[in-house]
Amino acid sequence: GCAEECEMNCKQGDMAEIIESVYGINVGKIVEVCSFQGTHSLLGPIWRIRSASGELITEYGAVGFTCDCADKWLKPIPPDQQIDAKAINQKVTA
């Protein structure tokens, strides 16, 4: 599958920042990359992601803590910066 063949930004288990989304609604949110969902004909590799920073909104208007996101719309957060990102998000949501 594409998970092995394509050059992807993220891998399963990464923490990442959403840098682009449909209508820009989830940009800036911090998420955990959970599982590879397959390859979209236009967007390429797709991950199931889980929010670490509040609710996510799908392109259909559904609200929840998991959704699917194109790999190219995710920017991995290096492990040494992950604690800071989680701490910042806890302050924002508290």
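See above for the structure.
The structure contained in this document is the topic of the report that follows. Predicted model only: the values in this text are computed from it and were never measured.

Definitions and limits used
Residues numbered from 1 in each chain as written. Predicted model: local features only at pLDDT ≥ 70, side-chain atom pairs only at ≥ 80, totals over all residues. Heavy atoms only, no water. Phe/Tyr/Trp six-rings, centres within 6.5 Å; stacked < 30°, edge-to-face > 60°. Helix = DSSP H or I, 4+ residues; strand = E, 2+ residues; numbered from the N terminus. Core = buried A, V, L, I, M, F, W, Y, C linked by side-chain atoms within 4.5 Å. Buried < 20%, exposed > 50% of the residue type's maximum accessible area, 1.4 Å probe, protein only. Contact = heavy atoms within 4.5 Å. 1 Å grid on protein atoms, 1.4 Å probe; cavity = no way out; pocket = protein on both sides within 12 Å on 5 of 7 lines; lining within 4 Å. Points joined across faces, edges and corners; volume = space filled by probe spheres on them. Pairing = 2+ DSSP bridges. Axes fitted to C-alpha atoms, helices over the stretch in contact; angles between N-to-C directions.

Overview of the packing of aromatic side chains
Applying the stated rule across the entire model yields one aromatic pair. Residues Phe36 and Trp47 carry aromatic rings whose centres are separated by 5.6 Å and whose planes lie at 75° to one another, so their mutual orientation is edge-to-face. Of this pair, Phe36 sits in strand 2 (residues 30–40) while Trp47 sits in strand 3 (residues 44–51), placing them eleven residues apart in sequence.

Concerning the nonpolar core
Val31, Trp47, Ile49 and Leu74 are the most contacted members of the largest nonpolar core, which totals 15 residues. Looking at this core, the elements that each hand over two or more residues are strand 1 (15–18), strand 2, strand 3 and strand 6 (66–70).

Some remarks on the side chain of Thr58
Tracing the chain through its elements places Thr58 in the loop between strand 4 (56–57) and strand 5 (63–64). Among residues more than four places away in sequence, those in contact with Thr58 are Ile25 and Cys67.

A look at the layout of surface pockets
In this structure, the largest pocket spans a volume of roughly 310 Å³. Lining the largest pocket are 16 residues, with Val22, Glu59, Asp68, Cys69 and Trp73 positioned closest to its centre.

Considering the sheet that holds strand 7 (residues 74–76)
Judged by pairing direction, the sheet is antiparallel, and its five strands sit side by side in the order 6-3-2-1-7 without closing on themselves. The open sheet terminates on both sides in strands that have one partner only, identified here as strand 6 and strand 7. Mean inter-strand twist for the sheet, computed between neighbouring axes without regard to direction, equals 45°.

Worth remembering: the numbers are spatial, not functional.
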